[in-house]
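Coordinates in review
Next come the chains, spelled out residue by residue.
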Amino acid sequence: MTADHVAETLKHRFGFDAFRPGQEAVVRDALAGRDLLAIMPTGGGKSLCFQLPALLRPGVTLVVSPLIALMQDQVRLLDDMGIPATFLNSSLDGAENARRQRALLAGEFRLLYLAPERLLMPEFVNGLLTELAGSVGLSALTIDEAHCVSEWGHDFRPEYRQIRRIREYLPEMPCWAFTATATERVRGDIVAQLGLRDAAVHVASFDRPNLYYAVKFKDKHSYPELLQQARSGGSGIIYCLSRKRVEELAGRLQADGIDALPYHAGLDGETRRIHQDRYIRDDVQVMVATIAFGMGINKPDVRWVTHFDLPRTIEGYYQEAGRAGRDNLPSRCTLYFGAGDIHTAEFLIAQKRDPETGEALEAEQRIARQQLRQVLDYAEATECRRSIQLRYFGETFQPPCGACDNCCEPRTVEDRTLEAQQLLSCVARLAQRGQRFGGSYIIDLLRGADTDKIRRNGHTDLSTYGIGASRSQDDWRIVLRALLHQGLLTESHDGFPVLQLNADSRSVLRGERQLQLALAPRPARGQRRRGKTVESGDSPANDALFEELRSLRKQLAVERNVPPYVVFSDASLRAMVQSQPRTPEQFAQIPGVGDRKLAEYGDVFTALIREYAEPPTPT
Ligand code: ADP
Ligand code: ZN
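Given the structure is predicted, the values throughout are model-derived calculations rather than measurements.

Turning our attention to the overall build of the protein chain. Secondary structure assignment for the protein chain yields 27 helices and 17 strands. Taken against the 2.2 N^0.38 rule, which gives 25 Å for 619 residues, the C-alpha radius of gyration of the protein chain at 28 Å falls within 12% of a compact globule. By principal-axis analysis of the C-alpha atoms, the protein chain measures approximately 90 × 75 × 45 Å. When the 619 residues of the protein chain are sorted by exposure, 51% land in the buried category. When contacts within the protein chain are restricted to residue pairs at least 6 apart in sequence, long-range pairs at least 24 apart make up 73% of them. Surface summary for the protein chain: the accessible area is close to 27900 Å², and the carbon and sulfur share equals 50%.

In structure tokens, the structure reads:
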């Protein structure tokens, strides 16, 4: 296999001039017939790493995929590139199944996608698999989403554990495992459970340079901001913690004129399927969802992902936010968080109980608390967001990244030592009476709230009662959070959380330590940023051409009954806007245009571009 041959296949079949970072080395090892484990982030371009070798090696490449939706999606994309691929699954009737099997045995397909259950069926192993091995041959066994093999991963699938049996049955066939899961433990599990031999392990950086990360306080400005984000165009996903919140927010956005749909496990399968399909086909713009939405969604042009509630873990956040910008175009990931979210998260953790005995699952609760703490550390951090995320995955990143709020947006540092002292002395006064309370109660006291509980406890005569009445409850929560976060106050659990002074609290009270808050300034009213949040960096004329190309793409997609991104990615459309190809030769230079797409779409797209660039002169 010469390098020229590889480059030619890359260009003519896939339409790409060059490999992405990391792809070339994986392809080289795959072509050499080695076992391999490739760990690449979402959008890294994993599929190409086995699809290209599948075209260049003799025999059929098997691809194990956990979801029917994923198989269909990949086969549609390959179809449209003119690469012969098929899948076998339970959605096909007997005749169609038989037809595909015959075609496979006749060597008409280069890739066969299937679920692990199918791969493991004795009828399949003794039937088609054995026949393929003995005729056209088997090139490799590809395991997509290979983290499903691990109990430590997020989508454990016990059948993935059995794949090893196939390896023992056909020991000559190399195994190529792919995943975007970054943890060390899962990697080790994949190698062991799939029985990889002398595997070439490739780990790409988990940096997603096209994603802009920001965290914002949740307050009365949040919803208008979200609405503006939605109005700025581009597909988006909004994640919420509960079904109820999903429904509420989707309804509110709809009422405000946004094409939004809800998605959560409480909807029946058919409704979920329809909502997902409409989203993928760009019929609706925004999906408001719980984390039930995501796996199996290959939509490459998600322009923004907003978490309207706290994610449970950093890894979860990275993966969910990472559904934005698979096509490597600039995309925004925003996390909103407010003090109330912390209470909700803690409440949910406290619910982790043994369903039979009702006893607290202490180990699980401890892990969940630690994960929550990491998420809060991320949310409240003033350092580069990207550095924090990548550190979590064991990578070092040298800030500034140039694409996160902490690196790009100026912060104002405010001194809140006075409020900190007021809050701490309130805790101290109660401690003198041998009493301990939680944060909400302390804040009520500071604000001089007139509640039954305060009167009953006789706390209206405390010297700190009402000394902080001029500040809002949210303001006090921020101060409280910062004190806890910076270790200047301790929260312990006495059945319920109570506040306790520590040595550092006392140095704040003595004035030896300050409480500093780094806050993102809000734009003054009236000068809020307008227009697109994800700037295309293009002139209005180019944006108009882009929109025209998009509607042509949509029309072609509807005719072919495929999602628009199967026809072309946004990245290809943007490249067309940039170079405005008018001839087939020029069109062939666009990334994503291989021979098949050139033949299929070259004429219509270049005609539109010509018409746009040289409008017929009025006579
Ligand atoms: P992953 O499965 O790792 O999330 P995909 O295989 O879906 O990533 O690829 C993500 C996007 O990158 C796709 O739109 C794909 O067409 C594009 N892509 C892959 N390889 C290249 C390349 N060498 N050059 C340009 N674009 C690429
Ligand atoms: Zn940064």
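Now that the structure has been shown, the text picks up again.
Time to look at the coordination of the zinc ion (ligand 2). Within the protein, the atoms that donate to the zinc ion (ligand 2) are C384 (SG), C401 (SG), C404 (SG) and C407 (SG), at distances of 2.3 to 2.4 Å. Here the zinc ion (ligand 2) binds four donor atoms, and the angle range of 100 to 119 degrees at the metal identifies the geometry as tetrahedral. Binding-site remark: the zinc ion (ligand 2) is held by donors from one chain whose sequence spacing is C-x16-C-x2-C-x2-C. Relative accessible area serves as the criterion here: at 27%, C407 is assigned to the partly exposed category.

This brings us to the sheet that holds strand β8 (residues 211–217). Taken together, six strands build an open sheet; the order of strands is β8-β13-β12-β9-β11-β10 and the sheet is parallel. One side of each edge strand has no neighbouring strand; the edge strands of this open sheet are β8 and β10 (260–263). Averaged over all neighbouring strand pairs, the angle between strand axes comes to 15 degrees, with direction disregarded. Across the face of the sheet, helix α15 (residues 362–380) comes into contact with β8 and β13 (331–337) while running at roughly 110 degrees to β13.

A few words now on the sheet that holds strand β6 (residues 175–179). What the seven strands build is an open sheet, ordered β3-β4-β2-β5-β6-β1-β7; its pairing is parallel. Only two strands of the sheet have a single partner each, and these edge strands are β3 (85–88) and β7 (200–203). Looking at each pair of strands side by side, their axes are set apart by 20 degrees on average, direction ignored.

Counted at 1.5 Å a residue, the expected span for helix α14 (residues 339–350) with its 12 residues is 16 Å, and the 17 Å between its end C-alpha atoms agrees. Along α14, the residues that are buried comprise A339, D341, I342, A345 and I349. Along α14, the residues classed as buried sweep out an arc of 150 degrees about the axis, all on the same side.

This brings us to the site of ligand 1. Residues in close proximity to ligand 1 total 13 residues, the closest being A18, G43, K46, S47 and R326. One of the side-chain nitrogen or oxygen atoms of Q23 is found 3.0 Å away from a nitrogen atom of ligand 1. In this structure, an oxygen atom belonging to ligand 1 sits 2.8 Å away from a side-chain N or O atom of K46. Taken together, the residues of the shell around ligand 1 break down into four nonpolar, six polar and three charged.

Once that is clear, we can look at the domain arrangement of the protein chain. As far as domains go, the protein chain holds domain 1 (3–203), domain 2 (211–404), domain 3 (414–521) and domain 4 (540–613). One C-alpha centre belongs to domain 1, the other to domain 3, and the line joining them spans 57 Å.

Moving on, we get to the nonpolar core. The nonpolar side chains of a soluble globular protein tend to be buried, and buried together. I143 and F605 are the most contacted members of the largest nonpolar core, which totals 136 residues. Ranked by residue count, the leading element in this core is helix α3 (residues 46–56), at seven residues. Leaving out residues up to four positions away in the same chain, I143 has contacts with V64, Y160, I163, C175, W176, A177, F178 and L194. Counting residues in each nonpolar core, the second largest holds 29 residues, with I442, L445, L446 and L483 among its members.

The rules we used
Residues numbered from 1 in each chain as written. Chains lettered and ligands numbered in written order. Predicted model: local features only at pLDDT ≥ 70, side-chain atom pairs only at ≥ 80, totals over all residues. Heavy atoms only, no water. Helix = DSSP H or I, 4+ residues; strand = E, 2+ residues; numbered from the N terminus. Rg over C-alpha atoms; globule rule 2.2 N^0.38 Å. Buried < 20%, exposed > 50% of the residue type's maximum accessible area, 1.4 Å probe, protein only. Contact = heavy atoms within 4.5 Å. Areas by Shrake-Rupley, 256 points an atom, 1.4 Å probe, with all protein chains shown as cover. Donors = N, O, S within 2.8 Å, 3.2 Å for Na, K, Ca; no water. Tetrahedral: all angles 85-135°; square planar, octahedral: opposite > 155°, others 65-115°. Pairing = 2+ DSSP bridges. Axes fitted to C-alpha atoms, helices over the stretch in contact; angles between N-to-C directions. Expected span 1.5 Å × (residues − 1). Arc of directions from axis to C-beta. Near = heavy atom within 4 Å. Polar contact = N/O pair within 3.5 Å; in protein donor to acceptor, adjacent residues only side chain to side chain. Nonpolar A, V, L, I, M, F, W, Y, C, P; charged D, E, K, R; others polar. Domains from an automatic or database assignment. Core = buried A, V, L, I, M, F, W, Y, C linked by side-chain atoms within 4.5 Å.

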